Amino acid sequence: MAKKKKSYLLLPFVVGFIGALVFGWGLFPKMLFSEKQQPFWFSHISHVEVVGMDCYDCHYYYEDGSFSGIPTTEECSACHMDVMFDDPDEIIFVEQYVWEEKEVPWLIYQKQPDNVYFSHIAHEMYDCQTCHPAVETAEAWPKYYENRLTKYSRDTMKMWECERCHAETGTSNACYVCHK
């Protein structure tokens with residue numbers, strides 16, 4: 001009789017545990033992150049393999065060592081002042097951004113919080129894919145998930161990732177190295 005009573009006590013714990021797992025791994029991430037789409041497709045393959053551009057033609061360092069990031073619409077318009085191919089994404093870019101003189105609102109997968117200073121030139125010995133998704137060979141954009149609270153990408157580099165790499169390479173993990 002006492003054995004049967006114990007199994008009734010265990011049932012709420014098991015149901016609660018399974019419910020917590022379903023909520024924590026299944027529902028909470030869907031509530032916290034929203035999936036967003038890039039404004040249009042941009043093919044790195046066409047620019048590198050077809051046109052023969054180098055990564056640094058668009059993503060370069062300024063003289064002071066700071067990184068240019070994503071090229072501006074004005075920089076792209078040097079080649080794309082008019083539609084060059086029968087590509088619907090290029091038509092969107094030229095007609096909606098170049099001709100309208102607007103910046104493309106790209107979603108940045110690795111945008112860092114405002115209190116973080118990341119120097120690309122200090123990390124130039126690493127492949128870009130060490131920190132960024134491999135978009136240069138992609139046929140479609142990786143999914144972008146935005147945190148509804150912080151507005152940062154789910155793929156934003158986490159502090160523990162920076163700390164681990166710094167520890168492995170003997171680089172200081174002092175706060176002032178990465179934080180303003």
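So, a few notes on the structure that sits alongside this text. Residues take numbers from 1 onward in each chain, read along the sequence in its written order. Totals for whole chains, interfaces and linings use every residue, but because this is a predicted model, local features are given only for residues with pLDDT of at least 70 and side-chain atom pairs only at 80 or more, for both listing and counting. Hydrogens and waters are ignored; side-chain quantities use all the structure's heavy atoms.

### Description of the overall build of the protein chain
Moving on, step 1. Secondary structure follows DSSP: runs of H or I at least 4 residues long count as helices, runs of E at least 2 residues long count as strands, and numbering of each begins at the N terminus. Scanning the protein chain from N- to C-terminus turns up 7 helices and 2 strands.
Moving on, step 2. Listing each helix as α and each strand as β along the protein chain from the N terminus yields α-β-α-α-α-α-β-α-α.
Moving on, step 3. For 180 residues, the compact-globule formula gives about 16 Å, and the C-alpha radius of gyration of the protein chain, at 23 Å, lies well above that figure.
Moving on, step 4. Oriented by its inertia axes, the alpha-carbon framework of the protein chain measures out at about 85 × 45 × 30 Å.
Moving on, step 5. For the exposure calls, accessible area comes from a 1.4 Å probe over protein chains only, and a residue counts as buried if that area is under 20% of its type's maximum, exposed if over 50%, partly exposed in between. For the protein chain, the proportion of its 180 residues judged to be buried stands at 23%.
Moving on, step 6. Shrake-Rupley sampling with a 1.4 Å probe provides the accessible areas, and residues are treated as covered by the protein chains on show and by no other component. In the structure as shown, the protein chain presents an accessible area of about 13400 Å², 62% of it carried by carbon and sulfur atoms. The globule rule used for comparison is 2.2 Å times the number of residues to the exponent 0.38, while the radius of gyration itself is calculated over C-alpha atoms.

### Some details on the pattern of salt bridges
Moving on, step 1. When a carboxyl oxygen of Asp or Glu is within 4 Å of a side-chain nitrogen of Lys or Arg, the pair counts as a salt bridge. Applying the stated criterion across every chain yields a total of 1 salt bridge.
Moving on, step 2. K36 is the partner of E146 in a salt bridge, and the nearest nitrogen-oxygen pair spans 3.3 Å. Of the two residues, E146 is situated in strand β2 (residues 144–147) and K36 in strand β1 (residues 33–36); the sequence distance between them amounts to 110 residues.

### Comments concerning the environment of D155
Moving on, step 1. Summarising the element assignment, D155 is placed in the loop between β2 and α6 (159–169).
Moving on, step 2. Exposure remark for D155: the relative accessible area of 32% places this residue in the partly exposed category.

### Considering the nonpolar core
Moving on, step 1. F40, F93, V94, Y97, V98, V104 and W106 together form the largest nonpolar core, which totals 7 residues.
Moving on, step 2. When checking whether two residues touch, look at their non-hydrogen atoms; a contact exists if any pair is within 4.5 Å. Those residues within four positions of F93 in sequence are excluded, and the remaining contacts are F40, T73, C76, H80, V98 and V104. Side-chain atoms within 4.5 Å are what join buried Ala, Val, Leu, Ile, Met, Phe, Trp, Tyr and Cys residues into a set we call a nonpolar core.

### A short note on a negative patch on the surface
Moving on, step 1. Each patch is built from residues lacking any salt bridge and having more than 30% relative accessible area; the joining distance is 9 Å for like charges and 5 Å for nonpolar side chains (Val, Leu, Ile, Met, Phe, Trp, Tyr). For the charge count, each Lys or Arg is scored as positive and each Asp or Glu as negative, with His and the chain ends excluded. All charge positions are set by atom: Lys at NZ, Arg at CZ, Asp at CG, Glu at CD. A grouping of E74, E75, E100, E101 and E103 is seen on the molecular surface, where their side chains present a negatively charged patch.
Moving on, step 2. Mapped onto the fold, E100 is located in the loop between α5 (88–98) and β2.

### Here we look at the packing of aromatic side chains
Two measures describe an aromatic ring pair: the distance that separates the ring centres and the angle between the ring planes.
Moving on, step 1. Two aromatic rings from Phe, Tyr or Trp, using only the six-membered ring of Trp, form a pair when their centres are within 6.5 Å; if the ring planes differ by under 30 degrees the pair is stacked, by over 60 it is edge-to-face, and anything between is tilted. A full pass over the atoms with the stated rule returns 11 aromatic pairs.
Moving on, step 2. Note on F40 and Y97: the rings are 5.8 Å apart at their centroids and 40° apart in plane angle, and the pair reads as tilted. Remark: Y97 occurs in helix α5 and F40 occurs in the loop between β1 and α2 (44–50); sequence separation between them is 57 residues.
Moving on, step 3. On the basis of relative accessibility, which here comes to 6%, the residue F40 falls in the buried class.
Moving on, step 4. Assessed through its relative accessible area of 9%, Y97 is described here as buried.

### A few points about a nonpolar patch on the surface
Moving on, step 1. A cluster of nonpolar side chains, L10, F13, V14, F17, I18, L21, V22, F23, W25, L27, F28 and M31, forms an exposed patch at the surface whose accessible area comes to about 1200 Å².
Moving on, step 2. Positionally, L27 belongs in helix α1 (residues 2–32).

### Considering α5
Moving on, step 1. Restricting attention to buried positions, one finds in α5 the residues D89, E90, F93, V94, Y97 and V98. End-on view of α5: buried residues confined to an arc of 130°, all on one side of the axis.
Moving on, step 2. N-cap assignment for α5: the residue whose side-chain oxygen lies 3.0 Å from the backbone N of D89 is D87. Comment: arc refers to directions from the helix axis out to C-beta atoms. In protein, a polar contact means a hydrogen-donor-capable atom and an acceptor-capable atom, both N or O and within 3.5 Å, with residues adjacent in sequence counting only if both atoms are side-chain atoms; elsewhere, any N or O pair within 3.5 Å suffices.

### Digging into the state of the cysteines
Moving on, step 1. A pair of sulfur atoms, both from cysteines and within 2.5 Å, is called a disulfide here. Taken as a whole, this structure holds 0 disulfides when the rule is applied.
Moving on, step 2. Between C76, a cysteine without a disulfide, and C58, which holds the nearest cysteine sulfur, the sulfur-to-sulfur distance is 6.2 Å.
Moving on, step 3. C178 provides the cysteine sulfur closest to C162, a residue in no disulfide bond, and the two sulfurs are 5.7 Å apart.

These figures capture arrangement, not role.
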